[in-house]
Amino acid sequence: MNYIKVRSFDTNKVGVLEGCDEELSRGEVVVIESDEKGEDVVRVLGVSKEDSPTGVRYKFVRKVTPQDMEIFSRNEEESSKAFKTCKEKIKEQGLEMHLLKAYIPLSSRKIFFYYTSEERVDFRNLVRELAKVFKKRIEMRQVGVRDAVQILGWVGLCGEVPCCMKFMDKFDSISLKDIEEQNLPLSPSKFTGPCGRLICCMSFEKDNYLVKHLLPEKGSQLCIDNKVAKLIEVDPMRGLVILSFEDKTKEIPLSEILPKDYEKVIKSCQACGGCCRRVSEDSANYEFIAHN
């Protein structure tokens, strides 16, 4: 089954288009309908065999018309004014919130204000004042710092636009364990994105290191050719295991250490997300669970 992926203009989130029998091209703008926004416009990304991992779905209404684009442009201008007004009132009321964006969908019934804040904000007075000014329903949406970068855009450590704005459907969890797992120097500052969190692209590499789940931890003793060796490092990218014997250190191919057809086990791990190893919150010991 194929799915039509689209991207919203306000949050840059990716969703799936439903009920569309028309042929659409990549980059085309279409009108959709959703429960929270009513009619709005989204941009077509293309056809995918994967469903939306976030469950975001939009009902297809029609291809965009010149009249639709005229309303969209007018709403953008009004959104810009609403952003400035809201920012001024936030400052007047001394609210601890960082306003990111104001957005008016095609239906023009609501104004959405996206913001970040470290604490819960009482914005009831702010909403009342904004409603009096704009005569529309006001929706305040608090988002996380990763969502903020996806909304505003930025430049990543690689010098490119962050992946969350290019193609990512959802945010995967990243931890310091992933830095260690990928044999990177344990220095979070070198792997921190513009959002202040560990860079999402480390999650793309996880499958390449699943083979480490099939071996004991570093420092373990192994029996190789009737000799005791200490496991120094596993290097999945080169397909090697580094072992220390009594008299020397040696690099041995993974295929000589692991059972035959171990690649099939790796594919099974990829399907389940690598759950074959769990880390206890209160212990540094690892629990290995064999796949059936």
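Residues numbered from 1 in each chain as written. Predicted model: local features only at pLDDT ≥ 70, side-chain atom pairs only at ≥ 80, totals over all residues. Heavy atoms only, no water.

**Let's talk about helix α3 (residues 145–152)**
Right, so step 1: Taken together, the buried positions of α3 are occupied by R146, A148, V149, Q150 and I151.
Right, so step 2: Where α3 is buried, its residues meet β1 (3–8), β6 (98–103), β7 (110–116) and α4 (163–166).
Right, so step 3: Positive backbone phi, approximately 85 degrees, marks G153, located one or two places after α3. (Buried < 20%, exposed > 50% of the residue type's maximum accessible area, 1.4 Å probe, protein only. Helix = DSSP H or I, 4+ residues; strand = E, 2+ residues; numbered from the N terminus. Contact = heavy atoms within 4.5 Å.)

**Thoughts on the nonpolar core**
Right, so step 1: Ranked by internal contacts, the top residues of the largest apolar core, which has 17 residues, are M97, F113 and L126.
Right, so step 2: Elements supplying a minimum of two residues to this core: α1 (66–93), β6, β7, α2 (124–134) and β8 (137–142).
Right, so step 3: Those residues in contact with M97 that sit more than four places away from it in its chain are I90, Y115, T116, S117, V121, L126 and M140.
Right, so step 4: In terms of nonpolar packing, the next biggest core, distinct from the first, is built from 14 residues, V211, V234, L254 and I257 among them. (Core = buried A, V, L, I, M, F, W, Y, C linked by side-chain atoms within 4.5 Å.)

**Some words on the sheet that holds β8**
Right, so step 1: Spatially, three strands are ordered β6-β7-β8 in an open sheet, and the strand pairing comes out mixed. Pairing within the sheet leaves two strands with one partner each, and these edge strands are β6 and β8. Taking the axes of each pair of neighbouring strands and ignoring which way they run, one obtains an average angle of 25 degrees across the sheet.
Right, so step 2: Where β6 meets β7, five bridges bridge the pair, whose relative direction is antiparallel. Paired with Y103 across the two strands is F112, which belongs to β7.
Right, so step 3: Most of the contacts of α1 go to β6, to which it runs at about 155 degrees, and overall it touches β6 and β7.
Right, so step 4: Strand contacts of α3: β6 and β7, with the helix running at about 45 degrees to β6, the strand carrying the most contacts. (Pairing = 2+ DSSP bridges. Axes fitted to C-alpha atoms, helices over the stretch in contact; angles between N-to-C directions.)

**A few points about the sheet that holds strand β12 (residues 249–253)**
Right, so step 1: Read across the sheet, four strands follow the order β9-β10-β11-β12 without closing on themselves; strand pairing throughout is antiparallel. Each end of this open sheet is capped by a strand with a single partner; those strands are β9 (221–224) and β12. Taken over all neighbouring pairs, the strand axes of this sheet differ in orientation by 45 degrees on average, direction set aside.
Right, so step 2: In this structure, strand β10 (residues 227–235) lies alongside strand β11 (residues 240–244), joined through five bridges in antiparallel fashion. Its bridge partner lying in β11, K230 is registered against S244.

**Thoughts on the pairing of β7**
Right, so step 1: Counting buried residues along β7, seven of its seven residues qualify, which places the element largely inside the surrounding structure.
Right, so step 2: Burial of the side chains of β7 extends over both faces: K110, F112, Y114 and T116 are buried on one face and I111, F113 and Y115 on the other.
Right, so step 3: The hairpin turn running from β6 into β7, its antiparallel successor, is six residues long, and S108 in that turn takes a positive phi close to 65 degrees.
Right, so step 4: A crossover connection joins β7 to the parallel β8 through α2; in handedness this β-α-β unit is right-handed. (Right-handed = clockwise from strand over helix to strand, strands pointing away.)

**A look at α2**
Right, so step 1: Taken as a whole, α2 has its buried residues at L126, L130 and F134. Viewed along the axis of α2, the buried residues span an arc of 45 degrees, placing them on a single side of the element. Along α2, exposed side chains directed more than 90 degrees from the buried face belong to R124 and K132.
Right, so step 2: Structurally, α2 contributes buried residues whose contacts are with α1, β7 and β8.
Right, so step 3: Two residues or fewer after α2 comes K135, characterised by a positive phi angle close to 55 degrees. (Arc of directions from axis to C-beta.)

Structural measurements only, silent on function.
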